Amino acid sequence: MLEQVLPGWLSLIRQEAEQDYFKKLMTFIEEEYQNKSIYPPRDMLFQAFEYTDYEQVKAVIIGQDPYHGHGQAHGLSFSVQKGIKLPPSLRNIYKELEDDLEQPQPPHGYLGSWAHEGVLLLNTVLSVEEGKPNSHKNQGWETFTEHVLMKLNQRKKPLVFILWGKQAQAKRPLIDESFHAVIQSPHPSPFSARTGFYGSKPFSKTNEILREKGQTPINWSLEGGCETNHLE
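Below is a summary of the structure that appears in this document. Predicted model only: the values in this text are computed from it and were never measured.

Residues W9, F46, F49, W114, W141, F144 and L152 are the most contacted members of the largest nonpolar core, which totals 70 residues. No other element matches helix α2 (residues 20-35), which puts 7 residues into this core. Among all residues touching W9, those that are not within four sequence positions of it are F49, T52, D53, Y54, V57, L120, V148 and L152.

Now the structure itself:
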């Protein structure tokens, strides 16, 4: 399951794997995969750590839990594989991307190229039962992802944390804002996009911050995108 995790993350994940909470979590996960339809596929659970290595991260987008429909989730927050219908939240993200950067909305929902650009697409909870959002909440994933964020907070190079919605914003106390930057807004879901997500300009603001800190801005373009197999 960790064969393709990038080197900068391996030590952290192996340390977590020795903890009692993580062992209980993995026991729960194994039973769930054996008896139910669980997403993403088991070999994609840690995909976020296979696309964007620790030292390569420029920005973090924190999601809630994976999409719970068949074929949607593949281990990157908000992303779906090519050929899968765009979920409503992702459609709203694309609307804001178009308004913010005047980029055409992509013909697919695959965000792999963002991950390769240095955007860690991390859900707070990394698995879900089909048709049951939040079904794997409070099983231990939150502890794991908080430890990931704490590790990122220790980075010697400043990051931009993009917090959409209350669950993501609950992680804000983990971030040293005297060093790192935070951009937050309502969640891009249809229930809240019009209450402040639209017009929040997270993409241009992230690049402005990166430039100010002497870093290369992110290419947010998704036209064509990367192939779904990130090893190609």
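This is not the end of the story, as more comes after the structure.
Turning to helix α1 (residues 7-17), a few remarks are in order. Residues lying three or four places apart along an α-helix face the same way, a consequence of the helix completing one turn every 3.6 residues. All buried positions along α1 are accounted for by W9, L10, L12, I13 and E16. Residues of α1 that are buried sit in contact with α2, α3 (48-51), β3 (119-123) and α6 (141-153).

Summarising burial for β3: 5 of the 5 residues are buried, a large majority. Residues V119, L121 and N123 of β3 are buried on one face, and the alternating residues L120 and L122, pointing to the opposite face, are buried as well. Pairing geometry for strand β2 (residues 59-63) and β3, over 5 bridges, is parallel. Following the sheet pairing, I62 is matched in β3 by L122.

This next bit is on the pairing of β2. Of all the 5 residues making up β2, 5 are buried; the element is thus mostly covered by neighbouring parts of the structure. Neither face of β2 is open: one carries A59, I61 and G63, the other V60 and I62, and all of them are buried. As paired elements, β2 and strand β5 (residues 160-164) share 4 bridges and run parallel to each other. Its bridge partner being in β5, I62 is matched across the sheet by L163.

Before going further, it helps to spend a moment on the packing of α1 against α6. Orientation of α1 relative to α6, taken along the N-to-C sense of each, is 140 degrees, at an axis distance of 11 Å. For the element pair α1 / α6, the angle class is oblique. Considering the relative orientation of α1 and α6, their crossing is right-handed. Across the interface between the two elements, W9, L12, I13 and E16 from α1 touch F144, H147, V148, K151 and L152 from α6. Here the contact of α1 with α6 is composed, by residue class, of 6 nonpolar, 1 polar and 2 charged.

Backbone geometry follows two general trends: most residues other than glycine have a negative phi, and most peptide bonds adopt the trans configuration. With omega at -5 degrees, the peptide bond leading from Y39 into P40 counts as cis. For P40, the position within the fold is in the loop between β1 (38-39) and α3. Even without being glycine, E102 reaches a positive phi, approximately 55 degrees. As for its placement among the helices and strands, E102 is situated in the loop between α4 (88-101) and α5 (112-117).

Relative to the elements of secondary structure, F144 occurs in helix α6. With a relative accessible area of 0%, F144 lands in the buried category. Residues F144 and Q154, 10 residues apart in the sequence, show an inter-C-alpha distance of 16 Å. Apart from residues lying up to four places away in sequence, F144 is in contact with I13, E16, Y21, F22, F46, F49 and L126.

Below, the discussion takes up the packing of aromatic side chains. Per the stated rule, a full pass over the model turns up 16 aromatic pairs. Between the aromatic rings of W9 and F49, the centroid separation amounts to 5.0 Å while the plane-to-plane angle is 70 degrees, which identifies the pairing as edge-to-face. Taken as a pair, W9 in helix α1 and F49 in helix α3 lie far apart in primary sequence, 40 residues in all. The same class applies to W9 and to F49, which are both buried. With centroids separated by 5.3 Å and ring planes inclined at 90 degrees, the aromatic side chains of W164 and F197 adopt a geometry described as edge-to-face. Of the two residues, W164 is situated in strand β5 and F197 in the loop between β6 (181-185) and α8 (202-212); the sequence distance between them amounts to 33 residues.

Turning to the sheet that holds β6, a few remarks are in order. Hydrogen bonding along the main chain pairs the strands of a sheet, whether they run parallel or antiparallel. The strand order across the open sheet formed by 4 strands is β3-β2-β5-β6, and the pairing between neighbours is parallel. Edge positions in the sheet fall to β3 and β6, since each of these pairs with one other strand and no more. Each adjacent strand pair in this sheet contributes to an overall mean axis angle of 20 degrees, direction not counted. Most of the contacts of α6 go to β3, to which it runs at about 155 degrees, and overall it touches β2, β3 and β5.

What counts, and where the lines are drawn
- Residues numbered from 1 in each chain as written.
- Predicted model: local features only at pLDDT ≥ 70, side-chain atom pairs only at ≥ 80, totals over all residues.
- Heavy atoms only, no water.
- Core = buried A, V, L, I, M, F, W, Y, C linked by side-chain atoms within 4.5 Å.
- Buried < 20%, exposed > 50% of the residue type's maximum accessible area, 1.4 Å probe, protein only.
- Helix = DSSP H or I, 4+ residues; strand = E, 2+ residues; numbered from the N terminus.
- Contact = heavy atoms within 4.5 Å.
- Pairing = 2+ DSSP bridges.
- Axes fitted to C-alpha atoms, helices over the stretch in contact; angles between N-to-C directions.
- Parallel < 35°, antiparallel > 145°, perpendicular 65-115°, else oblique.
- Left-handed = near helix turned anticlockwise from the far one by under 90°.
- Nonpolar A, V, L, I, M, F, W, Y, C, P; charged D, E, K, R; others polar.
- Phe/Tyr/Trp six-rings, centres within 6.5 Å; stacked < 30°, edge-to-face > 60°.

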